Amino acid sequence: MNTVSTVTHYSVPEEMEEGSIVANLATDLGLDVKNLNKRKMRVDVVGNKKYLDINKDTGELFILERIDRELLCTLKTATSCFLKLDATIENPIRMFNIEVEIIDINDNAPHFRRGTMHLDISESSPIGERFSLNNAADPDVGTNSVKNYHLSSSEHFSIEIQTGRDGTKFADLILKKALDREQQAVHNLTLTAVDGGVPTRTGTASIIVRVLDVNDNAPLFEKDRYVVDVMENSPIGSLVIKLNATDLDEGSNSDIVYSYSLYTSERTQNMFNLNPENGEIRVKEMINYEDIKLYEMEIIAADEGQNSLSGQCKLTIQVTDMNDNHPEISIKSFQSPIKENEQIDTVIAVVSVSDKDSGDNGVVDLHIPDNMPFKLRESSDNYYELVVSELLDREKVPEYDITFTVTDRGSPPLSDNETMTLELLDVNDNVPQFPQSFSTIRVMENNAPGALLSSLTAFDPDLHENQYLVYFILEKEIANTSMSMLFSINPENGNLYALKTFDYEIEKEFLFHIEARDSGSPPLSSNVTVHIIIVDQNDNAPVIVSPWRAHGSVVEEKIPRSTDKGSLVAKVIALDTDSVHNSRITYQFLQVTDATLFSLDQYNGEIRTMRMFSYRDPRHQRLVVVAKDNGEPALSATVTIKLSTVETAVKAYSDMTEVPLEYDIFSDLNLYLVIGLGSVSFLLLITILVTIVLKCQKPKPSKAAPPCRNSVISERNSTIADSTLVSNDAYWYSLFLAETRKGKLVVRQPVPKGSRYIVSSIPRGTGVTDTSDSAASTLQVWKTSV
C-alpha cells in the first residue's frame, strides 16, 4: 500500500504574522478533523527551519514563526522560494508532501554599498563624457527590485540608466556643461534608487565631484609699476620690497617663480637679489648714493604648470642720501657661560667701538639695557669692559641676551647694535623645598599593605645633579618598632607606602620626618614632618554586656504581674570598641509579643511598661532587642528576653560573691562608654540610697542568708529583697561602676540552687578576648532564676 500521496501546493506572502492561517490542511487532504489528535497528525520540515505547524484540533496549517524570504532563499537570482513539509498521520500511517511557496513582498529598500561616492573630474573634460557610478542593491526580487534612478538637480550633470544582462539597473553620470574649477571646485549631488514595489521604496547615496584644475589662468601682479626708496649703505640682505603675484589656479598651476627679464641690467641684478620663490628683493651689495641714484628693473612671474603662463611688472628703486658711515662695534673677548656665583666686578667681555666719519659724526656712545645686572666700564680710548654689577641667580634668569648699542652724534644720528647671549652655569645654592613643612595624611584603618598613602614631592630649582633628589625616612622608633618597618618611601619620586595594615583600635597616629636630599656637592637637604592619622572604620560590632546570656541562650526574667505603668523591666547595655559615631548605639525592638505593653528607650536601652498588666495578657512575653551602631554600614547585636509574670513579688536578692578575675577594660576605645555608664549608675545609686534610708525607718523582720565563701557581700537587708526590679538593677550597676573603677570587670555568675547572686570581677590582663558572635560579649552577666 502506498502511504505517500501527491504534493499539495500552497502560496503565502513572506512576513505574515505568527499564528496566521495558511489553509485547512485536514480538509484539503480529506481527513476527519475529529481524529487528528487520535491519529497523531504532525508536520515535519524538510531541510529548513520549521516555520509552519498544524493545529491538531482544527486541522489548520498556521504560521509558527515569521518568514523572511530573503533569509530563507539567499540566492537573489532565484525566481521562486519553497518550503517543503511532510505531514504524517498514523493508524494507518499516511504521509503527504506539502510545498509552500513564499511570495516576495516589497519589504526591503534599495541601498548603496557605499553611502558616498567620490569622483575627480578635470575642468577640461568634454561635454558628454560618461562616469560610472555604483549601483544600488535590493534583496527583493521581481518588480520589488531596483527599477530606476534619479539625480538631484544640477546644471552640469545628468544620469543615464543602463540594464545589465541579469536585469540589474545601474546609472552613468553624464557631463552636460563644461566645468570651471575657479567658479565651483566641488559639486555635491544625490543619487536616488527607486524599486518597483507598491508602495515604492528608495535609497540614496551622495556623489561628491571634485573638479581638477588645469592651467588656464596667468599670474597677475597687484600693480603694473612699483616705486620704492632705499637708503644708501642699507645693510646687505635688508628687504627692499616683496612683490606678490597671484594665480587663480591650484597646485603646480598656481606655484609662481619670480625672475628678472632680459631688460634688467646686469649691474642692477648684481646690486639686488630677487628671491625666485617669494618675490622678495633684498640688498645684495653696498649701495652708494654717489655712484648710482636710480635703479630700474622688470620682474616676470611665471607659474609651473605644464603649459606655463606668466605676467610682469616694472620696479624703480630710488637711493636716498644719508650719513653713510655707521658706527662699528666689535666684541674682542667674550666669556660664556659663567657660574651664577661670579663675584661683582668680574669682567665678562671686552668691546671696542669705531666710526669712519669725522667730527660729531665720528663720536660714538656705547650703552646696554638698564635692566640688567651688568655695567659698562671704559678702560681706554673706545674700549669698554662689561662687568658684573649685581649678584646673579640662574634660578631667576638662566641667560641674558645683552645688546650693545653704539650711536654716533651725527644728524640724524647713526647707530649699530650687536647682541650676545650669556649663559649662567648652575651651582648647588638651593635647598630642596617641600610645598609645606607639615603634612597630615589620613589613612583608613584596615588598609591593604603596600597601598600608596601620598606623594611627598619636593622641588629644587637647580639643574642636573644639583636637582636630582633622593627621599628617605628619618629613622625613628615607636614601641621598639622602626618607622621603616611601618612605612616605605620611593627614593626617586617621594611616593609614601604603608607596609602593614593599621588598626585604629591599636594605633591611632604616627609622627616622623621625611628628608629630600639633592645630589650636589656638597648636597643640600630639607625635611617635612609627616603626621599619619589612622581613621576609624566601623569594623567592630556592638557587644551586649547586660543582660548577659550564654551564647545562643535566652535571658529569662520574672516580674510581678502588679507592676505599675512606667516601671523598669530590664535595661539593655551594649558596648562598641569603635570611636565617635561608629560607637554611638541605639536600641530598638526587633520583635515584641505585645507592642502596647512595653516601650524601649532608643538611647539608654531601658525597657519599661507602657501600662499595667491585665488578665488578658499572656504570662510569657518575648522581647528581641537589637543594638545598632551608627557606622556605615551599621553593625548590630541582638538579645532575646523572655519575661514571665508572677502573682507575688520578686524575692530578695541572694547573697553575692565576688570572684576576682583580672581584665583590663580601660582601653582607649571604651573609656568614654564606661564614664557614661558610671554617670547613669551614679544617679541610680543615689536613688537606692534614698530608698534604703526610707526602708530603715520602718524595719521589718528579715531572714539572713547564710554567708557564702569568698563573698563580697555576705548579707543583704530584706529591704533590698522588697525593692522593685528597678532597685535590683540599679544596685548591680552601682556595684559594677565601683568595681570597674578598681580596674576590674564585675560580672554576675550563676550559683548553686538556693543561693541568690554572685557578683564577680575579672582582673586586668587576663587576656580574655571576644570570640563569640555579635550577641556575645567579653563582659558577661549571669542572672539566676528567682
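Residues numbered from 1 in each chain as written. Predicted model: local features only at pLDDT ≥ 70, side-chain atom pairs only at ≥ 80, totals over all residues. Heavy atoms only, no water.

Topic: the overall build of the protein
Okay, so step 1: For the protein, the count of helices and strands is 7 helices and 56 strands.
Okay, so step 2: Residues counted as buried form 42% of the 786 residues belonging to the protein.
Okay, so step 3: In the structure as shown, the protein presents an accessible area of about 42100 Å², 50% of it carried by carbon and sulfur atoms. (Helix = DSSP H or I, 4+ residues; strand = E, 2+ residues; numbered from the N terminus. Buried < 20%, exposed > 50% of the residue type's maximum accessible area, 1.4 Å probe, protein only. Areas by Shrake-Rupley, 256 points an atom, 1.4 Å probe, with all protein chains shown as cover.)

Quick notes on the environment of Asn273
Okay, so step 1: Position of Asn273 relative to the elements: it lies in strand S22 (residues 272-274).
Okay, so step 2: Classification of Asn273 by relative accessible area gives partly exposed; the value is 40%.
Okay, so step 3: Distance in space between the C-alpha atoms of Asn273 and Lys284 is 5.4 Å, their sequence separation being 11 residues.
Okay, so step 4: The contact partners of Asn273, leaving out residues within four places of it in the chain, are Tyr260, Glu280, Ile281, Arg282 and Lys284. (Contact = heavy atoms within 4.5 Å.)

Brief notes about the nonpolar core
Okay, so step 1: Of all hydrophobic cores here, the largest spans 28 residues; its most connected members are Leu25, Met41 and Leu52.
Okay, so step 2: Non-local contacts of Leu52, meaning those with residues more than four positions away in its chain, are made with Val22, Leu61, Phe62, Ile63, Leu64, Ile67, Leu83 and Leu85.
Okay, so step 3: Among the nonpolar cores identified, the runner-up in size contains 26 residues, and Tyr258, Ile292, Tyr295 and Cys313 belong to it. (Core = buried A, V, L, I, M, F, W, Y, C linked by side-chain atoms within 4.5 Å.)

Notes on the pattern of salt bridges
Okay, so step 1: Using the criterion set out here, one finds 24 salt bridges in the structure.
Okay, so step 2: Measuring nitrogen to oxygen at the nearest pair gives 3.6 Å for the salt bridge that ties Glu90 to Arg42. Within this pair, whereas Glu90 is found in the loop between strand S6 (82-89) and strand S7 (94-103), its partner Arg42 is found in strand S3 (residues 42-45), the two being separated by 48 residues in sequence.
Okay, so step 3: Here Glu90 falls in the partly exposed class, since its relative accessible area comes to 24%.
Okay, so step 4: Between Glu99 and Lys84 there is a salt bridge, with the nearest N and O atoms lying 2.9 Å from each other. You can see Glu99 sitting in strand S7 and its partner Lys84 sitting in strand S6, a full 15 residues away along the chain.
Okay, so step 5: Under the relative-accessibility criterion, Glu99 is labelled buried at 18%. (Salt bridge = Lys/Arg side-chain N within 4 Å of Asp/Glu carboxyl O.)

Notes on a nonpolar patch on the surface
Okay, so step 1: Among the surface-exposed residues, Phe682, Leu683, Ile686, Leu689, Val690 and Leu694 lie close enough to one another that they form a single nonpolar patch of about 570 Å² accessible area.
Okay, so step 2: In this structure, Val690 sits in helix H5 (residues 671-696). (Patch = residues over 30% accessible without salt bridge, like charges linked within 9 Å, V, L, I, M, F, W, Y side chains within 5 Å.)

Some details on the confidence of the model for the protein
Okay, so step 1: In this model, the protein carries a mean pLDDT of 79, and residues with pLDDT of at least 70 account for 82%.
Okay, so step 2: Contacts for the low-pLDDT stretch residues 649-669, under 50 throughout, to residues beyond four places or in other chains number 110 contacts.
Okay, so step 3: Low pLDDT (under 50) marks residues 698-786, which in the prediction has 230 contacts with non-local residues, meaning those over four places away or in another chain. (pLDDT = per-residue confidence, 0-100.)

Concerning unusual backbone geometry
Across the chain, the bulk of peptide bonds are trans and the bulk of non-glycine residues have phi less than zero.
Okay, so step 1: Here the amide bond leading from Val198 into Pro199 is cis, since omega sits at 0°, within 30 degrees of zero.
Okay, so step 2: On the secondary structure map, Pro199 appears in the loop between strand S15 (186-195) and strand S16 (202-212).
Okay, so step 3: The omega torsion across Ser336 and Pro337 is 5°, close enough to zero to call that bond cis.
Okay, so step 4: Considering the arrangement of structural elements, one finds Pro337 in the loop between strand S26 (328-334) and strand S27 (338-339).
Okay, so step 5: Non-glycine residue Lys40 carries a positive phi angle of around 55°.
Okay, so step 6: Along the polypeptide, Lys40 turns up in the loop between helix H1 (25-29) and S3.
Okay, so step 7: Even without being a glycine, His464 presents a positive backbone phi close to 55°.
Okay, so step 8: Relative to the assigned elements, His464 resides in the loop between strand S35 (452-455) and strand S36 (469-473).

Observations regarding the side chain of His156
Okay, so step 1: Relative to the elements of secondary structure, His156 occurs in the loop between strand S12 (146-151) and strand S13 (157-163).
Okay, so step 2: For His156, a relative accessible area of 9% gives the class buried.
Okay, so step 3: Excluding residues within four positions of it along the chain, His156 makes contact with Ile174, Leu175, Lys176, Lys177, Ala178, Leu179 and His187.

Some thoughts on the side chain of Asn538
Okay, so step 1: Tracing the backbone through its elements, the reader meets Asn538 in the loop between strand S42 (525-535) and strand S43 (543-546).
Okay, so step 2: Within the local environment of Asn538, its side chain forms a polar contact with the side chain of Asp629, the two groups lying 3.1 Å apart.
Okay, so step 3: Of note is the side chain of Asn538, whose polar atom sits 2.8 Å from the backbone oxygen of Pro633. (Polar contact = N/O pair within 3.5 Å; in protein donor to acceptor, adjacent residues only side chain to side chain.)

Remarks on the sheet that holds strand S34 (residues 438-444)
Neighbouring strands of a sheet are bound in pairs by backbone hydrogen bonds; such pairs are parallel or else antiparallel.
Okay, so step 1: Sheet architecture is open: 4 strands sit in the order S34-S42-S41-S36, paired in mixed fashion. The sheet is open, and its two borders are formed by S34 and S36, each paired with just one other strand. Geometrically, the sheet is characterised by an average inter-axis angle of 25° between neighbouring strands, direction not taken into account. (Pairing = 2+ DSSP bridges. Axes fitted to C-alpha atoms, helices over the stretch in contact; angles between N-to-C directions.)

What about the sheet that holds strand S10 (residues 130-132)?
Okay, so step 1: Taken together, the 3 strands give an open sheet; going across it, the order is S10-S14-S13, and neighbouring strands pair in antiparallel fashion. Because the sheet does not close on itself, it has two edges, and the strands there are S10 and S13. Averaged over neighbouring strand pairs, the angle between their axes works out to 35° when direction is ignored.
Okay, so step 2: Across 3 bridges, the pairing between S10 and strand S14 (residues 169-175) is antiparallel. For Phe131, the partnering residue across the bridge sits in S14 and is Leu173.

Regarding the pairing of S6
Okay, so step 1: As paired strands, S3 and S6 are joined by 4 bridges and run antiparallel to one another. Each bridged residue has a counterpart across the sheet, and for Val45 the counterpart in S6 is Leu85.
Okay, so step 2: Note: S6 against S7, 8 bridges, orientation antiparallel. Bridge pairing links Thr88 to Met95 in S7.
Okay, so step 3: Hairpin geometry of S6 and S7 is characterised by an intervening segment of 4 residues between the two adjacent antiparallel strands and by a positive phi of about 60° at Asn91.

Points about the pairing of strand S51 (residues 636-646)
Okay, so step 1: Of all 11 residues that make up S51, 8 are buried, and the element is covered over most of its length.
Okay, so step 2: Direction of pairing for strand S44 (residues 555-560) relative to S51: parallel, over a ladder of 6 bridges. Opposite Ile559, over in S51, you have Thr645 as the bridge partner.
Okay, so step 3: In terms of strand pairing, strand S50 (residues 620-629) meets S51 through 9 bridges, oriented antiparallel. By the bridge assignment, Gln621 is partnered in S51 with Leu643.
Okay, so step 4: The turn linking S50 back onto S51 is made up of 6 residues.

Here's the deal with the environment of Glu296
Okay, so step 1: Tracing the sequence through the fold places Glu296 in strand S24 (residues 294-303).
Okay, so step 2: Placed 20 residues apart in sequence, Glu296 and Thr316 show a C-alpha to C-alpha distance of 4.5 Å.
Okay, so step 3: In this view, Glu296 contacts Thr264, Thr268, Leu315 and Thr316; residues no more than four positions away in its chain are not counted.

Observations regarding the packing of aromatic side chains
Okay, so step 1: A full pass over the atoms with the stated rule returns 10 aromatic pairs.
Okay, so step 2: Between Phe272 and Tyr295, the ring centres sit 5.1 Å apart and the planes meet at 80°, which makes this aromatic pair edge-to-face. Of this pair, Phe272 sits in strand S22 while Tyr295 is found in strand S24, placing the two residues 23 residues apart along the sequence. Exposure class is identical for Phe272 and Tyr295. Each is buried.
Okay, so step 3: Joined through ring pairs, the aromatic side chains of Phe487, Phe502, Phe510 and Phe512 make up one cluster.
Okay, so step 4: Of note, Lys84 hangs over the ring of Phe82, and the distance from its end group to the ring centre comes to 5.9 Å. (Phe/Tyr/Trp six-rings, centres within 6.5 Å; stacked < 30°, edge-to-face > 60°. Lys NZ or Arg CZ within 6 Å of the ring centre and 35° of its normal.)

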